[in-house]
Structure formats: structure tokens, C-alpha cells
Amino acid sequence: MIVVIGGGPAGMMAAIGAASGQNEVTLIEKNKHLGRKLLLTGGGRCNLTNICEPEDLIYHFSKTGSFLRDAIKTFDNKSLISFFAKRGLKIKVEENGRVFPVTDKASSVLDLLEDEIKKLKIKVLCNTSVKRVMVTKSVVKSILCENGTIFQADKVIFATGGLSYQATGSTGDGIRMAEKLGHTIAPLKPGLVALTLENIFSHKLEGVSLNDVKLIFKTDKKKIVTEKGSIIFTKNGISGPILLSSSGKVIDRLNAGKKVFLEIDIMSMFDLKETEDILIKKILESPVKGLKNILKEFVPMRFSEVLLELSKIPQDKKANQLTFKERKELITLLKGLKFNVANTVSFEKAQITRGGVSVKEIDPKTMESKKEKGIYFAGEMIDIDGDCGGFNLQAAFSTGYLAGISAG
Ligand SMILES: Cc1cc2nc3c(=O)[nH]c(=O)nc-3n(C[C@H](O)[C@H](O)[C@H](O)COP(=O)(O)OP(=O)(O)OC[C@H]3O[C@@H](n4cnc5c(N)ncnc54)[C@H](O)[C@@H]3O)c2cc1C
């Protein structure tokens, strides 16, 4: 009997892979329903993978990405798309290769997986939380659930996810159980997450969004990462898809004890000279207009107020009263508004967890533990984390499938 713990994308795919070999498979999920987090993915639309070249997939993961080489070879993005297509899911490709179901509903992906689980006669036990996996002399014996039920099992696939969005069931249970079984856990940190900023005035900008900006993150005067796109100011920082993608590299530096600085180029389409020329033109066109209203043509009103405050220019100053020095100051801010990065927001708002069961203790060809025979790992609970764009679900499906067919 093969028992899969955790009914997220990795666990469901692991159960499907294991049952394809005619094995008796039980899938245990602590929630009332399978795939709660899956339903939230891609804003409820599920960005299930990415159509980049299969061999490029691993470059979309952080340092431990090469661990995924075999899992991706066994079940890459093309296999994933064909798995879903064969079972009737129509997909579409959006910006940056992101793949979604045509229905724009994550429930279409979940329904298909659940149908397959039914077809393969996999026993599903929801509302059942696993408490402990008993291993004697390195052989898996049984599984103890919170409700006292004990299951005999020959092989166990852990697919309990990470720590983010805990309301979905990902509370780190499996990671703690793996640790108790003697596995090393790489420190758990939030990933693909908004950042908090030190400068106090950011709270004045809550809800303000800026489009077509360039973000430049620096440490020790060196650029870490540059991104272009839209951002939104939160109560104490910034968020937005471009930020989520760059957060990994920023977090790495913060974790290494480095100070990280952010520069926002609000006029990213223009260089310094062009920006100044545009501002001068606007001033000459409407010399008696309030400066705040001139700036409103480039940024939202609340942002223009902050720009004036930072340049120490009175809020009621007219365009034609602007001094040369003040103009230079404004241009400098428009081309490189500086913040100190404080931290990330909490796990609760992070899309993924970085860290997890050490890849050094898992056989990449099978997903079996190198410490305990008969124990397998899949999905986000492993120390792997990918970029925004469908890569994390691809990793969950690839590792899940490989763990399933290896155990089966
Ligand atoms: C808001 C949001 C949007 C996202 N959007 C995308 C996207 O569009 N594309 C993308 O690639 N990635 C996305 N991700 C990331 C992606 O959802 C995860 O990487 C993926 O769900 C990981 O799958 P998993 O099966 O490993 O873990 P999970 O999906 O976390 O599933 C783990 C399951 O295990 C169960 N479980 C835990 N402990 C126990 C226990 N003791 N006993 C029984 N069951 C247990 C949990 O209830 C849960 O159902 C998003 C994440 C979030 C939070």
C-alpha cells in the first residue's frame, strides 16, 4: 500500500503516478476538500506551467534548481500540457509563456485531477490529518492520524507543502515530520513576496500604483536585479508581479545580512535629460499651474505630494516659481526614488516557501529519501523554489509524478 500525505497538486499527481502502476494508493488530506491552494493560484485562474524550453525550466529556480533535472526530464512542461490536454483541458498561453486553462478557472484543473483520481480508484481520505509516520529499522510501517486511526503502509509520499497561506492547510506538518525522521531542513523563509521598506513616508502611498517603472535593487553599490513593470504601494512597502519575481534575489541578500537598497525609476521610458526637457515643456505650457498638478501628469496626485515633500518644495508652489535647484532635485527623484528595503511581508502573504527538506538527502532520480527507504518527497516541502510564471506548479507536478511512479 502506498500512502500519499497531502492533497495539493504534488500529492494528487503523486497518487496518480503511483496508481498508474496498478498499486493500491491512499491519498490523505487534512482539509475537507483536495487542492485548496490550487484553487487560489494565478488569481483563481491557475498558471499551471510555462511554455519556455523544457531545458530552460531549471534556470527559473533558485540555487537548488538543478535537483529538478530528472523530475523535469520525466515530466516536463510539454508532458504536463499533454497530460491535461489528453483529458480534455484546453489551455491558452499568455504573456511571458504563462499557461492557463481556457476557462480561466483553477477549478477546471482541480476537477480534472479529481476525475483522474476517481478513474484510477485511488482511495481519498479528506478531513484526516497525519500526525506521525512510524519507521522501524529504516522500514516504513504505519501512519498515525490525529483522529487516532492507524494505516499500514509500505511506502509513504510526503507532499504536505510549505508554510505560506496556512489557511489552505500548508502548515509545515510534513516538514516537521521529515525532520523528526532525521532529515535536514533548509531554513524556511517566505518567497515570491511583497517587500517592506524602511522610509516612513511609504505609508502615505498605500494603494498608489505606478506603471512602466524600473526597479533597481542594489547592495554594496552593485545591481542585484532590475525589473520593469507596474508596482503598487502597500501600507509599509511595495508589491506587484515584478516585485514578486525579484523578491528571491533580494531575500537572499537580506538573509546574508546585507543592506539592500531600491531605486524606482518612475520615468523609465526617458533618460535624465529627456525627463528634464519634458518637465520644462510642461512648466512653460502652464506657468501658473500648481506644481503638484504638473507632476500629476506623470504620477498620481498623492505621489506628487510625496515628491514635493521629499524635495522640500511647498505644496502650493506654482510651476513658474520652481528654482533651478528644486527642478534638479525633482528630476533626481523621478529618475531614482530611493528606499531602504526592510524585510519581506509574512508567510501569510507569501506565494511560496523557500527552504524545506534538504535536496542533498533526496535521490533526484526517484524522490526517495536517502535517509529512510520507502519515504518519498514531492512539491513545495522540498528545498526548491521557482520564479513567478507557472514554475512552482510545474515543480510540484514533476516531483509528484516522479515520486509516484518511483514508489509505484
Ligand atoms: C495565492 C497563491 C497563488 C499562487 N499562484 C501560482 C501560480 O499561478 N502558478 C504557480 O506555479 N504557483 C503558484 N503558487 C504556488 C503554488 O500554489 C504552490 O507552489 C503549490 O501549491 C505547491 O504544491 P504542493 O502540493 O507541494 O503543496 P500545497 O498546495 O500546499 O498542498 C499541500 C497539501 O497538504 C495538506 N496537508 C498538510 N499537512 C497535512 C497533514 N498533516 N495531513 C494531511 N494533509 C496535510 C494541505 O492541507 C494541502 O492541501 C501560488 C501560491 C499562492 C499562495
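Bear in mind the structure is a predicted one, so any value in this text is a computation, not a measurement.

The rules behind these values
- Residues numbered from 1 in each chain as written.
- Predicted model: local features only at pLDDT ≥ 70, side-chain atom pairs only at ≥ 80, totals over all residues.
- Heavy atoms only, no water.
- Pairing = 2+ DSSP bridges.
- Helix = DSSP H or I, 4+ residues; strand = E, 2+ residues; numbered from the N terminus.
- Axes fitted to C-alpha atoms, helices over the stretch in contact; angles between N-to-C directions.
- Contact = heavy atoms within 4.5 Å.
- Phe/Tyr/Trp six-rings, centres within 6.5 Å; stacked < 30°, edge-to-face > 60°.
- Buried < 20%, exposed > 50% of the residue type's maximum accessible area, 1.4 Å probe, protein only.
- Lys NZ or Arg CZ within 6 Å of the ring centre and 35° of its normal.
- Parallel < 35°, antiparallel > 145°, perpendicular 65-115°, else oblique.
- Left-handed = near helix turned anticlockwise from the far one by under 90°.
- Nonpolar A, V, L, I, M, F, W, Y, C, P; charged D, E, K, R; others polar.
- Near = heavy atom within 4 Å.
- Polar contact = N/O pair within 3.5 Å; in protein donor to acceptor, adjacent residues only side chain to side chain.
- Areas by Shrake-Rupley, 256 points an atom, 1.4 Å probe, with all protein chains shown as cover.
- Salt bridge = Lys/Arg side-chain N within 4 Å of Asp/Glu carboxyl O.
- Domains from an automatic or database assignment.
- Buried area = accessible area lost by both parts, 1.4 Å probe.

A. The arrangement of the sheet that holds strand β1 (residues 2-5) in detail. Taken in spatial order, the five strands of this open sheet run β6-β2-β1-β10-β19, and their pairing is parallel. If you trace the sheet from one side to the other, it starts and ends with β6 (123-125) and β19 (375-377), each paired once. Strand-to-strand twist in this sheet, taken as the mean axis angle between neighbours without regard to direction, amounts to 20 degrees. Relative to β6, strand β2 (residues 25-28) is paired through three bridges, and the arrangement is parallel. Residue Thr-26 lies in a different strand from β6, and its bridge partner there is Lys-123. This element, helix α1 (residues 9-19), spans β1, β2 and β10 (155-158) of the sheet and lies at about 175 degrees to β2.

B. Quick peek at the packing of aromatic side chains. Here the structure, examined in full by the defined rule, presents eight aromatic pairs. Look at Phe-61 and Phe-391: their rings are 6.5 Å apart centre to centre, the planes differ by 85 degrees, and that puts the pair in the edge-to-face class. On the criterion of sequence distance, the pair formed by Phe-61 in the loop between β3 (49-50) and α3 (69-74) and Phe-391 in helix α12 (residues 391-407) is long-range, its members being 330 residues apart. Neither Phe-61 nor Phe-391 differs from the other in exposure class; each is buried. Aromatic side chains Phe-158 and Phe-377 sit 5.6 Å apart centroid to centroid with 20 degrees between the ring planes, which places their arrangement in the stacked category. Separated by 219 residues along the polypeptide, Phe-158 in strand β10 and Phe-377 in strand β19 bring together distant segments of the chain. Assessed through its relative accessible area of 0%, Phe-377 is described here as buried. These aromatic residues form a ring-pair network of at least three members: Phe-75, Phe-83, Phe-84, Phe-397 and Tyr-401. Geometry around Phe-83 places Arg-87 over its ring, the cationic atom sitting 4.0 Å from the centre.

C. Here's a closer look at the packing of α1 against α12. For the pair α1 and α12, interaxial distance at closest approach is 7 Å and the crossing angle is 30 degrees. In terms of axis orientation, α1 runs roughly parallel to α12. At the point where α1 passes α12, the crossing takes the right-handed sense. Residues Pro-9, Ala-10, Met-13, Ala-14, Gly-17 and Ala-18 of α1 pack against Leu-393, Ala-396, Phe-397, Gly-400, Tyr-401, Gly-404 and Ile-405 of α12. Residues that form the contact of α1 with α12 fall into these classes: 10 nonpolar, three polar and no charged.

D. A look at helix α10 (residues 301-310). Looking at α10, one finds that the buried residues are Phe-303, Ser-304, Val-306, Leu-307 and Leu-308. Looking at the buried side of α10, the elements it contacts are β13 (209-219), β14 (222-233), α9 (291-295), α11 (324-335) and β17 (337-344). Looking at the residues trailing α10, positive phi occurs at Lys-312, about 55 degrees.

E. The arrangement of the sheet that holds strand β9 (residues 150-152) in detail. The strand order β7-β8-β9 describes an open sheet built from three strands, whose pairing is antiparallel. Across the chains shown, the open sheet's two edge strands, defined by having one partner strand only, are β7 (130-136) and β9. Taking the axes of each pair of neighbouring strands and ignoring which way they run, one obtains an average angle of 25 degrees across the sheet. Pairing of strand β8 (residues 139-145) with β9, which is carried by three bridges, proceeds in the antiparallel orientation. Note that in β9 the partner of Leu-144 across the bridge is Ile-150.

F. Just the site of the ligand, in detail. Surveying the vicinity of the ligand reveals 36 residues, the closest of which are Glu-29, Ser-170, Asp-173, Glu-380 and Leu-393. Within the contact set of the ligand, an oxygen atom lies 2.8 Å away from a backbone nitrogen or oxygen of Gly-42. Asn-392 places a main-chain nitrogen or oxygen 3.4 Å from an oxygen atom of the ligand. In isolation the ligand offers 1000 Å² of accessible surface; the protein chains occlude 96% of this area. Residue assignment for the shell around the ligand shows that the elements contributing at least two residues are α1, α2 (41-44), α6 (173-180) and α12.

G. Spatial organisation of the pattern of salt bridges. By the definition in use, this model includes 24 salt bridges. Lys-259 is the salt-bridge partner of Glu-198, the closest N and O atoms lying 3.5 Å from each other. One end of the pair, Glu-198, is in the loop between β12 (195-197) and β13; the other, Lys-259, is in the loop between α7 (241-255) and β16 (260-265), with 61 residues separating them in the sequence. Since its relative accessible area comes to 38%, Glu-198 is described here as partly exposed.

H. Expanded view of the environment of Ala-14. Relative to the helices and strands, Ala-14 resides in helix α1. Separated by 144 residues in the primary sequence, Ala-14 and Phe-158 place their C-alpha atoms 9.4 Å from one another.

I. Region of interest: unusual backbone geometry. Within the chain, Asp-212 stands out as a residue other than glycine whose phi angle is a positive 55 degrees. Its place among the elements puts Asp-212 in strand β13. Looking at Asp-212, the relative accessible area reads 44%, which means it is partly exposed. Its identity as a non-glycine residue notwithstanding, Met-367 has a phi of 75 degrees, on the positive side.

J. Structural detail: the domain arrangement of the chain. Domain boundaries assigned for the chain yield domain 1 (2-191 + 349-407) and domain 2 (194-344). On a C-alpha basis, the centres of domain 1 and domain 2 stand 40 Å from each other. At the interface, six residues of domain 1 touch eight residues of domain 2. Interface area for domain 1 against domain 2, summed over the two sides, is near 570 Å², with a carbon-plus-sulfur share of 53%. Between domain 1 and domain 2 we count one salt bridge in total. Across the pair Arg-354 and Asp-252 runs a salt bridge, and its minimum N-O distance is 2.8 Å. At the junction of domain 1 with domain 2, the criterion picks out two residue pairs in polar contact (both at pLDDT 80 or more). Among the elements that make up the side of domain 1 that touches domain 2, the one with the highest residue count is strand β11 (residues 185-191) (three residues).

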